[in-house]
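Examining the three-dimensional arrangement
One-letter residues, chain by chain:
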Amino acid sequence: DERAHVVRGVARTLTGRGGGYEACSRAFEEATRLEEEGGVAEGGQSGGQAVLRRSWACAWKHFRQPLDQLFITAEAMGECRASGGGFRDTETANEAKFRGMWSGTAL
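Residues numbered from 1 in each chain as written. Predicted model: local features only at pLDDT ≥ 70, side-chain atom pairs only at ≥ 80, totals over all residues. Heavy atoms only, no water.

Right, let's talk about the nonpolar core for a bit. If you look at soluble globular proteins, the nonpolar side chains tend to sit buried side by side. Residues Val 10, Leu 14, Phe 28, Leu 52, Phe 63 and Leu 67 are the most contacted members of the largest nonpolar core, which totals 17 residues. Elements with a minimum of two residues in this core: helix H1 (2-13), helix H2 (19-36) and helix H3 (46-77). Per-element tally for this core: the top contributor is H3, with seven residues. Beyond its immediate chain neighbours, meaning those up to four positions away, Phe 63 contacts Leu 14, Gly 20, Tyr 21 and Cys 24. (Core = buried A, V, L, I, M, F, W, Y, C linked by side-chain atoms within 4.5 Å. Buried < 20%, exposed > 50% of the residue type's maximum accessible area, 1.4 Å probe, protein only. Helix = DSSP H or I, 4+ residues; strand = E, 2+ residues; numbered from the N terminus. Contact = heavy atoms within 4.5 Å.)

If you want it as structure tokens, here you go:
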């Protein structure tokens, strides 16, 4: 199932610390484990489908804008793949790096 493949790929790729990453970590781990165990059978195991629904709902809640951009780009390019290899969330990493400097400022 194409949708299940996308959900498992998103769950496997979106890893990090803080915010939406931690909020979704349990659902993403379950979806990744489901993939390692052979995925959801055609027609759907109710438990497997529930895991994928939960994982997707969390991803959509916390990462809606980047996912929308991914889908628009995939539609325009005719394929969905990561550019340049792995996913790097440099914005969150930079924010964490300078958070201590920003505390107590008007920024």
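Across its twelve residues, H1 extends 16 Å between first and last C-alpha, which sits within 8% of the 16 Å expected from 1.5 Å per residue. The complete set of buried residues in H1 reads Ala 4, Val 7, Arg 8, Gly 9, Val 10 and Ala 11. (Expected span 1.5 Å × (residues − 1).)

Within the structure shown, the criterion is met by two salt bridges. Residue Glu 30 is joined to Arg 26 by a salt bridge in which the shortest nitrogen-to-oxygen separation is 3.8 Å. Taken as a pair, Glu 30 and Arg 26 lie in helix H2 at a separation of four residues, close to a single helical turn. Since its relative accessible area comes to 18%, Glu 30 is described here as buried. We classify Arg 26 as exposed; its relative accessible area is 63%. A single network of salt bridges, built from pairs that share partners, joins Arg 26, Glu 30 and Arg 54. (Salt bridge = Lys/Arg side-chain N within 4 Å of Asp/Glu carboxyl O.)

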